[in-house]
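Results of the structural survey
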Amino acid sequence: MGDLTTQSGSNGFNGEHIKPSRGAFACMINSEIGAVLAVMRRNVRWGVRYVADDDQLEHSLIHSLKELRKQIFSWQHQWQNVDPVVYLQPFLDVIQSDETGAPITGVALSSIYKILTLDVLDLDTVNVGDAMHLIVDAVTSCRFEVTDPASEEVVLMKILQVLLSCMKSKATTRLSNKHVCMIANTCFRIVHQASSKGELLQRIARHTMHELVRCIFSHLPSISSTEHEMADGSSLSASGVVGTQNGNHMLGSTQLENGNVGMSYDCPSSIGDASSPPIVKSATEMDTSMIGESDGKEDAQYGEILMMAPFGIPCMVEIFQFLCSLLNVIENIGFGPKSNPIAYDEDVPLFALGLINSAIELGGPSFSRHPKLLALIQDELFRNLMQFGLSKSPLILSTVCSIVLNLYYHLRTELKVQLEAFFSCVLLKLAQSKHGSSYQQQEVAMEALVDLCRMQTFMAEMYANFDCDITCSNVFEDIANLLSKSAFPVNGPLSAMHILALDGLVFMIKGMAERIGNELPVSDEASTDGEGYEAFWTLKCQNYSDPNSWFPFVRKMKYIKRKLTIGADHFNRDPKKGLEFLQGIHLLPDKLDPESVASFFRYTTGLDKNLIGDFLGNHDEFCVQVLHEFARTFDFHEMNFDSALRVFLGTFRLPGESQKIQRVLEAFAERYYEQSPHIFCNKDAALLLSYSLIMLNTDQHNVQVKKKMTEEDFIRNNRHINGGEDLPREYLSELYHSICENEIQMIPDQGTGFPEMTSSRWINVVHKSKERTPFIACDSRALLDHDMFAILSGPTIAAISVVFDQEEHEDVLQTCVDGFLAIAKISAQYHFGDVLDDLVVSLCKFTTLLTPSSVEEAIVSFGDDARARMATTTVFTIANSYGDYIHSGWRNILDCVLSLHKLGLLPARLASDAADEMESSSDHELCKPATSSLSTSQTAPVATPRKSSSLIGRFSQLLSFDMEEPRLQPTEEQLAAQQHLREIVQKCHIDNIFMESKFLQAESLLQLVGVIILAAGRFSKGSGIMEDEDTAVFCLELLIAITLNNRDRILIIWQNVYKHISDIVQQKAIPCTLVEKAVFGLLKICQRLLPYKENLTDELLKSMQLILKLDARVADAYCEPITQEVMRLVKANATHIRSHLGWRTIISLIFITARHPEASEFGFEALVFIMSEGAHLLPSNYVLCVDAAKEFAESRVGEVDRSISALDMMAGSVVCLVRWSYETKNAVEEEAAMKVSRDIGEMWLRLVQGLRAVCLDQREEVRNHAILTLQRSLAGVDGIHVPNAMWFQCFDLVVFTLMDDLLEIAQGSSSKEYRKMEGTLVLATKLMSKAFLQSLQDLSQQPSFCKLWLGVLNRMERCMKVKLRGKRSEKIHELVPELLKNTLLVMKTTGILMPSDDVGGDSFWQLTWLHVKNIVPSLQSEVFSEQELEQMQAKHKKTAGIPVTDGAVLVPSNETTA
């Protein structure tokens, strides 16, 4: 039945009591009887009657008390089995008697209170329900004589005490709805009357009323669902009134009886004085005024039945409705000349609002289970809250906001439209000063909004339910804009309002940041799916409680809403073009139909209502169709006629032309009649009545109409309109009063705002609430945070930045910092790079590091400015944590880093990279010492060590702030301040930005590298000031560190890095720190990356060609350390260098060091590492290495031993050629093998040519060793297939040329330049002879062999003729014949040299002996005896005409010349 569930034990408002025993309770009753009798004896009236007299009986009150005293000790049962009425009735009679005075009544009330508090009355007690009802009946109808004001107040307080005890008793659930209403009524009347009594009574009465309401509504959660709690639409025994006892009591009347005041407390009607309003009505009054004659009796009977049922929902509805009605009293109250309207204006609503708030706090979500209670909240309560929300009283506004906060928390799913109206019409309106609200109102409204924002899901629910609903205003966006604007101080200092708005903003942002990581995996494209036409007003969500369903739905609706907003703007400018635009963006079909246009008008916010009215009233056929479709979008079921008309006319402005008005009203009448046919007999009646209401509305509310229409006039004007019959007079009367009291708004609000909540507009709100979509309840997941942050981020950053700029208190600054960090976190999570950049730019301005000033001033100002320090820490925290998504913001961050660098506040190893820690401590020396960032030319170079643990480490010495400038030494305070700042900067971990750059996303990394290069270029092209160069050096070091830390993706940034280094190298013509760092940084990059990036090896090595382009002065200054680095690079990475291009760069760098005094040693060491035992010789670098070795062999910079070592390496390299040749034959097909063989031959030829050049060296040891080395190289060619043509080349280019050059040198040079040339000639001659004999077998068959042989003979002949220092050389004269004889014997043995009969002197035989005779005339006989000659000639004759088979070659005459 919807009543309170029976529960045993005490309720939450009743403490635990110890039940008295049977005897103890009897004693207690006895003492109470004695107390009452004792007080009665003190009164003369009762004292006289107390004397026993034969003629006079005792008064019934005294008699009943004495009778009770006789019985109590004789009862044998437990007290629970004794009917409480027996021992309560005598006391209740005293209370109800109008003959007793206040003291007697007070004692009797105390006795009842004592019995109630002993817990004797509980659910197990016999007849406890009747007993409780008797107590309530007696106390609420308490009558007594008022002797003095004090005693009256005591009685009133005791009445309150007893009634509250009744509600707190364990037997409360036995009370009926009627009696609970009586209790509430009585308490409220005492509250009202207490306003003229003492302060104590006022406070106790109000407190009791609060406790009473809390007691009643604390039972609401335990009440079951209310299927039968009320008849549909029926009223209770008092509509809007707390229940009455019966109709024949004087309702709060004050009557004079025998000089005593009798007071009734059963049902208040008029309280206090004649000026008080009629708060409640009796049942009889209600019956005549509120209930129809036909149904009134039945409804009243059903209401009485419900009111007599056990305590439950009916009484709560009555009480809650009564509390709401207290808020209406202000509309009807009249103020006397001495009344205080402001005090009353605050007092009554505050009291009622406080009671309502208590009820909602305890009832909570249970209100939603009971339709009647919920309906009161949705309509009457919220309508009053809307009115009192605009009160000038901050107390009332604050209480209203508390109620709304509770309603939002407990019942938001049932109050979607009401909450939207309250936020828009009250909170958002009051919080803005431009609407005329006072500062106190603004502050209270702002506090309420911020309190709401502190609720975890509030903003997300605002966005999902309102901003993503096409029929609602953008509440979330409005709140966000309000908070951000309110945080801006305009032309004045910061106030509490600004800080409050800031708190709200920061809390929203921090809430989003905390939800990160708890997202729903839904596609980001959900909102833009399907670009075709779709009837947007028909879209529904499948399940509003499932995020997987509603999340994509609301995003889609928000997308549609944005397009609708744009479309509405177009429509407002030009309706025709606007509709065409809407077709273009697929919000209307390609072929317009009336339904779609009507729905666009009906459900789109922001449309110009005048244009809609003109369109709907147009006589065009399509417009008429749209009008009727528009009317069909309304649901007028169960709506009053005037309410329906208000709702209809609230969506557009009624046109001014009569024909248009008629068309519009015809459509309305047709729709209303269609849905409410029981009222009118046809639609014409509805049309006529609607016309009549429009005329009445104009008549009543137009100031130009002086004579107003009366009710009788209105009824008379509407006779016979209902099919010739009259409409009920009561019906028309009700319509008349409704229009008179509440104007129909003929000019609807433009846009989505609610400027003022009139009754007419409230009807629209209530109607809209019935059509609303379900409220979406969000959880703690970050479902819509991405979209919300896109709206919120810009205004929030601006607002927080302004507050941060103007506030001095560190706690507020810290709040701003928390907001900044939260924004950064969200921006990174959702990839809002632009937002993050804006944030960084804004923060960097607060660091003061971008403002140019002297070092001392900057340090002092930075140290004194907490804002600057906090901003700096925040900037670098963001850079370290969310650098992935910073793009253009890197420029500002770098500027801050450079400023800190100039101030000397950075850690000393900022630009180092992780691998530097593992470097050897014995690095090479630099030619130029590194200087500190602010050191001057006066700093002694010796102050900087020439050695450092690593290259980049040495560069980082520049980062330490050097105070050795020619200026005053800093004081201890300055040094302490600087140290403190250095510690702060240390905590920023600026080094991690560059050390951890390998984790940055590619785009962000490119931006970072780009801004560093930009900054470096800015300073390197500057005025030449030491500071500028130092900054450029620092930027370069950062660049190099980043490059080294990003070796795994070097390709992304390499081109930019290389170009920057190239620009530096090519622009600097004199040695300086910048070019030094560029060169060695490049070498370091190559050295570090070559092992990891095979695909980039050639690119890296090619970049080293920059070193070859150095200006001569620069190259000379850094040649030694460059070579050292090259040597290290070669030793570490030789195995990774494969290409000819790469080796050419490396060998070129080694090559140029051969003649450098300091660098040649390291260059040669590198070359030895490559060539020694062919360790790293490759076909791709062979020729390069041979040329470099030749250069070192010829160089006179080093010792002779180095040249000899170089020659040995050259000779040893032949082994590699042999190996490659062998490998090629076994591994490559024939054609390819021939090509490789030719290439190897070319290498060998290049080798011997190089050796030949060294053979002309002025140093004897080198020269002679070179000849021996050449001889070995020629001899070692056996393993190589050298083509015959190449052998001829070898003799022409190497052997013969060498002999010719040596003979020329021997004859023409002085002994000072070339010493001991005799030995050299001997060696060279031997080399020629051995080389000829080595190739003899292969070359003898070639056509050019004769020429070759004659060349050998020619050189031998010249050797015999050479004179050294004018004398003939004995050694040569001994050696040449011997070598010639040996050669001839070999040729004879092999059959190459045979006698010939050829006539003439051009035969091979004849030419040979012709030249031999010039050298050694007698040699022929030694080689060929006469006998041997004859035998050979005889043999030759037998074969007449046949050539000699073994090689008697006839050489043509044109080939006989040497």
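Residues numbered from 1 in each chain as written. Predicted model: local features only at pLDDT ≥ 70, side-chain atom pairs only at ≥ 80, totals over all residues. Heavy atoms only, no water.

1. A look at the overall build of the protein chain
Filter applied, for reference: Note on conventions: DSSP H or I runs of at least 4 residues are helices, E runs of at least 2 residues are strands, and numbering of each starts at the N terminus. Three labels apply to residues, based on accessible area from a 1.4 Å probe with only protein chains included: buried if under 20% of the type maximum, exposed if over 50%, partly exposed otherwise in between. Each accessible area is a Shrake-Rupley estimate made with a 1.4 Å probe; only the visible protein chains count as cover when residues are assessed.
If you tally the helices and strands in the protein chain, you get 61 helices and 4 strands. Residues counted as buried form 55% of the 1458 residues belonging to the protein chain. Of the roughly 62,200 Å² of accessible surface on the protein chain, a fraction of 51% belongs to carbon and sulfur atoms.

2. Some thoughts on the confidence of the model for the protein chain
How we decide: What pLDDT expresses is the predictor's confidence in each residue, scored from 0 to 100. In this analysis, two residues are considered to be in contact whenever any of their non-hydrogen atoms come within 4.5 Å of each other.
Averaged over all residues, the pLDDT of the protein chain is 77; the fraction at 70 or higher stands at 81%. This stretch, residues 50-56, has a pLDDT under 50; its non-local contacts, to residues over four places away or in other chains, come to 5 contacts. Counting interchain partners and residues more than four positions distant, the pLDDT-below-50 stretch residues 917-966 has 123 contacts.

3. Digging into unusual backbone geometry
Within the chain, asparagine 127 stands out as a residue other than glycine whose phi angle is a positive 55°. You can see asparagine 127 is positioned in the loop between α5 (102-117) and α6 (128-140). Look at asparagine 127 and you get partly exposed, because its relative accessible area is 30%. A positive phi is found at histidine 989, a non-glycine position, where the angle reads about 55°. Within the element layout of this structure, histidine 989 appears in the loop between α39 (972-987) and α40 (990-995). With a relative accessible area of 43%, histidine 989 lands in the partly exposed category.

4. What about the packing of helix α20 (residues 496-515) against helix α33 (residues 810-829)?
Angle between the axes and distance between the axes: these two values describe a pair of packed helices. Put simply, the rule is: Structural elements are reduced to axes, namely lines fitted to C-alpha atoms, with helices fitted over the stretch in contact, and the angle between N-to-C directions of any two is expressed from 0 to 180 degrees. Should the near helix be turned anticlockwise from the far one by less than a right angle, the crossing is termed left-handed; should it be turned clockwise, right-handed. Think of it as three bins: nonpolar holds Ala, Val, Leu, Ile, Met, Phe, Trp, Tyr, Cys and Pro, charged holds Asp, Glu, Lys and Arg, and polar takes everything else, Gly as well.
One way to put it is that α20 packs onto α33 with a least axis distance of 9 Å and a crossing angle of 35°. As for the relative orientation of α20 and α33, their crossing is left-handed in sense. Where α20 abuts α33, its residues Ile499, Leu502, Asp503, Val506, Ile509, Lys510, Met512 and Ala513 lie against Val812, Thr815, Cys816, Asp818, Gly819, Ala822, Ile823, Lys825 and Ile826. Residues that form the contact of α20 with α33 fall into these classes: 11 nonpolar, 2 polar and 4 charged.

5. Looking at the packing of aromatic side chains
Cut-off, in case you're wondering: Pairing of aromatic rings covers Phe, Tyr and the six-membered ring of Trp, with a centre-to-centre limit of 6.5 Å; geometry is then stacked below 30 degrees between planes, edge-to-face above 60, and tilted otherwise. Two thresholds decide whether a charge sits over a ring: the Lys NZ or Arg CZ must be within 6 Å of the ring centre and within 35 degrees of the ring normal.
All told, the structure shown has 43 aromatic pairs when counted by the stated rule. A cation over a ring is seen here: arginine 412 above tyrosine 408, with NZ or CZ 5.0 Å from the ring centre. The ring of phenylalanine 634 carries arginine 602 above its face, with NZ or CZ at 3.9 Å from the centroid.

6. Examining the pattern of salt bridges
This is how it is decided: For salt bridges, the criterion is a side-chain nitrogen of Lys or Arg within 4 Å of an Asp or Glu carboxyl oxygen.
With the rule as written, the count across this model stands at 35 salt bridges. In this structure, the salt-bridge partner of glutamate 199 is arginine 203, at a minimum N-O distance of 3.0 Å. Highlighted residues: glutamate 199 and arginine 203, both in helix α9 (residues 199-218), separated by 4 residues, approximately one helical turn. The exposure class of glutamate 199 is partly exposed, given its relative accessible area of 45%.

7. What about the nonpolar core?
Here is the rule we go by: Among buried residues, the Ala, Val, Leu, Ile, Met, Phe, Trp, Tyr and Cys ones that are joined through side-chain atoms within 4.5 Å form a nonpolar core.
Grouped together as the largest cluster of nonpolar side chains are 465 residues, with contacts concentrated most on Tyr87, Phe320, Phe601, Ile893 and Trp1244. Counting residues per element, this core draws most heavily on helix α55 (residues 1284-1308), at 14 residues. Setting aside anything within four residues of it in sequence, one finds tryptophan 1244 in contact with Leu1217, Ser1273, Leu1274, Val1277, Val1282, Met1286, Trp1287 and Cys1290.

8. Re the packing of helix α49 (residues 1160-1171) against helix α50 (residues 1182-1194)
The following threshold applies: Angles are sorted into four bins: roughly parallel if under 35 degrees, roughly antiparallel if over 145, roughly perpendicular if 65 to 115, and oblique for all others.
Orientation of α49 relative to α50, taken along the N-to-C sense of each, is 140°, at an axis distance of 11 Å. Of the possible angle classes, the one that applies to α49 and α50 is oblique. Pair α49 / α50 crosses with left-handed handedness. Across from Ser1160, Gly1163, Phe1164, Leu1167, Ile1170 and Met1171 in α49, the residues of α50 making contact are Cys1185, Ala1188, Ala1189 and Phe1192.

9. Some points on the side chain of threonine 874
The residue threonine 874 is located in helix α36 (residues 866-882) in this model. Residues in contact with threonine 874, not counting those within four places in the same chain, are Val817, Phe820, Leu821 and Leu843.

10. Some thoughts on the side chain of serine 596
In this structure, serine 596 sits in helix α23 (residues 594-603). A relative accessible area of 0% places serine 596 in the buried class. Among all residues touching serine 596, those that are not within four sequence positions of it are Tyr533, Trp537, Leu588 and Pro589.

11. Comments concerning a nonpolar patch on the surface
For clarity, the cut-off: A residue counts toward a patch only above 30% relative accessible area and without a salt bridge, and it is joined to like-charged neighbours within 9 Å or, for Val, Leu, Ile, Met, Phe, Trp and Tyr, to nonpolar neighbours within 5 Å.
A surface patch of nonpolar side chains, about 240 Å² in accessible area, is lined by Leu1108, Phe1151 and Ile1152. Mapped onto the secondary structure, isoleucine 1152 falls in the loop between α48 (1140-1151) and α49.

12. Comments concerning the environment of proline 493
You can see proline 493 is positioned in the loop between α19 (475-486) and α20. Given the relative accessible area of 70%, proline 493 is considered exposed. Proline 493 sits 310 residues away from valine 803 along the chain, and the two C-alpha atoms are 9.9 Å apart.

13. Let's talk about the environment of serine 1139
We count it as follows: Whenever a nitrogen or oxygen atom comes within 3.5 Å of another N or O atom, the pair is scored as a polar contact, on the condition that within protein one atom can donate a hydrogen and the other can accept it, and that pairs from neighbouring residues in sequence are kept only if both atoms are in side chains.
Within the secondary structure layout, serine 1139 lies in the loop between α47 (1112-1133) and α48. The sequence separation of serine 1139 and proline 1179 amounts to 40 residues, and the corresponding C-alpha distance is 9.4 Å. Non-local contacts of serine 1139, meaning those with residues more than four positions away in its chain, are made with Asp1098 and Ser1180. Within the structure, serine 1139 has its side chain in polar contact with the backbone nitrogen of glycine 1142 (distance 3.0 Å).

14. A look at helix α26 (residues 641-649)
Burial of α26 is extensive: 9 of the 9 residues sit out of reach of the surface. Of all the residues in α26, the buried ones are Phe641, Asp642, Ser643, Ala644, Leu645, Arg646, Val647, Phe648 and Leu649.

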